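Structural characterization, general
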Amino acid sequence: MATESENIESLVNRRYEHGFVTDIATDSLPPGLDEGVVRAISARKNEPEFMLEWRLQAYRQWLTMREPEWAHVHYPKIDFNAISYFAAPKSDEDRPKSLDEVDPKLLETYDKLGIPLHERARLAGVAVDAVFDSVSVATTFKEKLSEAGVIFCSFSEAVIEHPELVQKYLGSVVPRRDNFYAALNSAVFSDGSFVYIPKGVRCPMELSTYFRINAANTGQFERTLIVADEGSHVSYLEGCTAPMRDENQLHAAVVELVALKDAEIKYSTVQNWYPGDENGKGGIYNFVTKRGDCRGANSKISWTQVETGSAITWKYPSCLLRGENSVGEFYSVAVTNNLQQADTGTKMIHIGRNTSSTIVSKGISAGKAQQAYRGLVRIMPQAEGARNHTQCDSLLIGKECGAHTFPYMEIKNPSARVEHEATTSKISANQLFYCRQRGISEEDAVNMIVNGFCKEVFKELPMEFAVEAQALLNVSLEGAVG
Amino acid sequence: MTYEGKDLLDLEPEERAREGIFLGFQYPVEIPGVNNAYLLKTAVNAKRKHQGLGEVDAFEFLKLAREKMAALGMDPKFLNRGVNEGFSGGEKKRNEILQMAMLEPKLAILDETDSGLDIDALKAVAEGVNSLRNPDRAIVLVTHYQRLLDYVQPDFVHVLSEGQIVRSGDKSLALELEDKGYDWVREAASA
Amino acid sequence: MSRQPHSIDELQDIVSRLPSTRNEDWKYTDLASARDISSRWLAAGRESLSLALQDEVEAVTHAIDANWIVIANGELQHPVDVNGASRLDDAPSSDTALAELNAALLKDGLRLRVEDALDKPIGILMIDGTEDASVSQAYVEIEFAPGASGEIIEYHASKGDADQYANTIVSVAVGDAASARHLRVQNRAAHHVQTGHTSVSVGRDANYTMSGFDLGGGLIRNDVIIDIAAAGAEVSFDGLYLAGEGQHIDNHTRVDHRVGPARSRQEYRGILNGHCRCVWNGKAIVHEGADGTDADQANHNLLLSEKAEIDAKPELEIYTDDVKCSHGTTVGQLDETSLFYLRSRGLDKRHATQVLTHAFASDLVARMPVDAAKEALATVVEHRLAELLDSDPDTFS
């Protein structure tokens, strides 16, 4: 375990010793994508041969694929040659020197969300060395993980330090040519997280991208791989409630989870990328492939997400339930306001015997937003005794928004029990009047009703995250009723 | 429409509530997922804040709510259910009276609180109303039937027809109405 | 519009354009056999001798007391002795290949106008039976005048060992304040293919009730498209599909709520036994401005065999906020406790299963909108269910 703890140490320390002092400006590549760009990315990261080969194959496959058009979203065609595929992090000179230089509107939002002061600076992109003051937190965290033998590092680091694990598991859940954006990510992924929990280990703390300090610049093609070995347990938190601004409009991340026998992975996301302004200008396109593989018997993968950001979201965190008695869960709250569009949901593929899955999806649509739930429950012929329960509710606020439900159920084994329920309703004038008649303001009443609507999902989030998520929802729906 | 020097029609519903007016609904709405206790606590504190008083904490609130519920013969578990969610007609009406008891209004208007109640629920609601009677509080009961008035003895009875008070009296007027029906009042009014 | 003479090449071209599984709406249903039968029949000169169908016609028309119109192998049988019925020369062509095929090959269309209250149901029996492989088209237009009311029975049957593909289009217009009750029975021979398209437009304060029963057929695809374009409409439709060995039954429904307030509800139930596949895809679209819409969809499936497969897809597309929409779908088996209970009361497994599957189907039979046909239909359903339960030896093992 010594090497692993050293890795963590070097990761944590490197940041403070060096920051971004290398002359990275010369590292950036011009816009456009060809094999040379893929080779250059790999070379910049000093990747071993296998990684370059993998990227190149992905690139060649991507060339033969077409952009998906089935989702219920509309946006102008993306020019993939106008994107720079290796955008180096901003240098300190380009960043605001202190919070005084940051957009006051952004600070106001941080305030509403109750984000700690030291974190605000990091989120607003203030030069890191100047503000990061949680060294002690990181040190405690590093010691605890190394004692347990947990590997938690950046993806780039893992490629170099743990090639055998990366080679074994990378692409084993989301194959390179799984879909157009997954193939693109496989070719040009920038960085991301790598987690390995050894046999029988219960990860002593919740792992969060917040603690993996260099997360701020994982860039637009993030790649995450989490492997939970037999009998292990891990809870991973991705993102944060604060609005994240990013210059890159297209984000195409891939997340792969592998749960071996008796292992459990809980993956929680709060996504709040910039959604664009009230007129739909700007905003991130978030096209994500997230998939978990319950490879061993009695394994469990649970996805919980609160999605309020991005102009366009296209995301279906899924579970492949291979192991006998394995369990897949998906709990989601998605909020779209103004001109946001989201096409999101999950896939539960039941392969093993006695596998079970639960889907709870709560969609809130306001303003002129369009939101679709798209889900697939497939019971394969060999999945004797499979169970699924799906609850999928939409709440509409305002006349011009839309909520759509496209659930697919493909049942190829007669012993399956599959239940799907869905409702769509609006916040009724009667409910609001009732609350107001009891002295509660309209805004508070809406918040109260919305939080009540989402309760089933919030209770799946880690405690602090749940409180933040609630506040986030209220901020996201500000001005939706009126 | 003036109330304590303020034009009620100028006020938003929540402002009226904070000014001490309570409206008991004929058909209280269900608000799925919103905890009954939570709504009540928020409402109580909204009013206290308006009056310049400090907020009650969860502990005080629960103690108070439990007391009031016991007085109304309500099971404390109602506090943890969604607002009126899956409540029977009688339970909804009791819940209205509980809210009234917690918010301590100066003026309470109970709109057909007796409709659709069985006799036990009717008695419980009436007892709740009676227990809240005091010289600083006006309660307006809107009803079509005498049976509620068997349990709540009114100080005044007004007959409202087409938006106008057409006759006023004491509790004997209600008995007379039950006996003779409404037509004679209407005829007398139009004559 | 006058009918265009079509060359064989033009016809083969239409056939080649029939929807493929690459089309999202046809993802689970492959029309390869329909294309194959059609092109063989076209190549063979579009000739095939009719079988004697009199017994089969009488079996239906005598069992159900209605004014019957018979369309055999796509030809209207004379005399047509029903008020308001007339022959239609042309079917309107449309943008789908199936409608094009219908328009190109149609022999006799039928038009039916219901002026006031019908005292007796009108039955339309579409029956096919030929010596060799054949393709038939039917096109029926039914119009309920404002305020009119009545019951319509649409009955599909077929006979013979030769391959057959029937492509039928029924279009119903329900006038303002009219009340239409529509029973649709599909009881084709085991290996025959049908694509059936039913479109309904519902007027202001009108009422439309439909029940569809799929009892036979090899490859069956039904599309029910309901358009609510005026306020106050009430639409209610049910479907029961019983699928056994080798059958593929696909029900696609779509309700467009363009104006509110209006209500639509639907409930489809399926019982599957043996190697078979059923598809149910229910779509409700609430368009911008259709305030006060109340739409409800339900689909329940009973899988009795190892080899049965169901694909269910309840869809909602909602573009306004003043709506109440819900859908529920279940896939499961007979309730173990109920089975155990019945068996502990002395019923053998087969009988207990029969009792419970019956109960599952019986609600829809009871709700069936045409009283005159209830008894006959109940018997047919019962017969088909018994056959279905006997067909797969696995069921009772």
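Moving on, we get to the environment of Gln 153 of chain B. Here Gln 153 of chain B is to be found in the loop between α6 (147–151) and β8 (157–161). For the pair Gln 153 of chain B and Thr 143 of chain B, spaced 10 residues apart in sequence, the C-alpha to C-alpha distance is 13 Å.

Considering every residue of chain B, the mean pLDDT works out to 84; 98% of them sit at 70 or more. Put simply, strand β4 (residues 31–35) of chain B is where chain B has its lowest mean pLDDT, 72, and strand β7 (residues 138–142) of chain B is where it has its highest, 91.

On domain assignment, one finds that chain B holds domain 1 (2–153) and domain 2 (155–191). For domain 1 of chain B versus domain 2 of chain B, the separation of C-alpha centres amounts to 27 Å.

With that settled, consider the environment of Arg 44 of chain A. Residue and element names in this part refer to chain A. Along the chain, Arg 44 turns up in helix α2 (residues 35–44). Accessibility expressed as a C-beta count within 10 Å gives 15 for Arg 44, which makes it partly exposed. Between the alpha carbons of Arg 44 and Phe 86 there is a distance of 9.3 Å; along the sequence they are 42 residues apart.

We now examine the packing of helix α1 (residues 8–16) of chain C against helix α4 (residues 97–105) of chain C. Residue and element names in this part refer to chain C. With their axes 9 Å apart at the nearest point, α1 and α4 run at an angle of 150° to one another. It follows from the interaxial angle that α1 and α4 lie roughly antiparallel. Where α1 crosses over α4, the handedness of that crossing is left-handed. In contact with Leu 11, Ile 14 and Val 15 of α1, α4 contributes Ala 97, Glu 100, Leu 101 and Ala 104. Taken together, the residues of the contact of α1 with α4 break down into 6 nonpolar, no polar and 1 charged.

Right, let's get into the interface of chain B and chain A. Each partner contributes residues to the interface: chain B has 21 residues there, and chain A has 16 residues. Contributions of two or more residues to the side of chain B that touches chain A are made by α1 (13–18), β4, α2 (36–50) and α4 (89–103) of chain B. Looking at the side of chain B that touches chain A, the element that brings in the most residues is α2 of chain B, giving 5 residues. Split into classes, the residues belonging to the side of chain B that touches chain A amount to 13 nonpolar, 4 polar and 4 charged.

On the side of chain A, 29 residues touch chain C, which itself brings 30 residues to the contact. At 11 residues, strand β18 (residues 308–318) of chain C tops the list of elements feeding residues into the side of chain C that touches chain A. Of the residues assigned to the side of chain C that touches chain A, the class counts are 12 nonpolar, 9 polar and 9 charged. Examined bridge by bridge, strand β19 (residues 417–426) of chain A and strand β19 (residues 323–332) of chain C share 7 bridges and lie antiparallel to one another.

What counts and what doesn't
Residues numbered from 1 in each chain as written. Chains lettered and ligands numbered in written order. Predicted model: local features only at pLDDT ≥ 70, side-chain atom pairs only at ≥ 80, totals over all residues. Helix = DSSP H or I, 4+ residues; strand = E, 2+ residues; numbered from the N terminus. pLDDT = per-residue confidence, 0-100. Domains from an automatic or database assignment. Buried ≥ 20, exposed ≤ 12 C-beta atoms within 10 Å, placed from the backbone. Axes fitted to C-alpha atoms, helices over the stretch in contact; angles between N-to-C directions. Parallel < 35°, antiparallel > 145°, perpendicular 65-115°, else oblique. Left-handed = near helix turned anticlockwise from the far one by under 90°. Contact = placed C-beta atoms within 7 Å. Nonpolar A, V, L, I, M, F, W, Y, C, P; charged D, E, K, R; others polar. Pairing = 2+ DSSP bridges.

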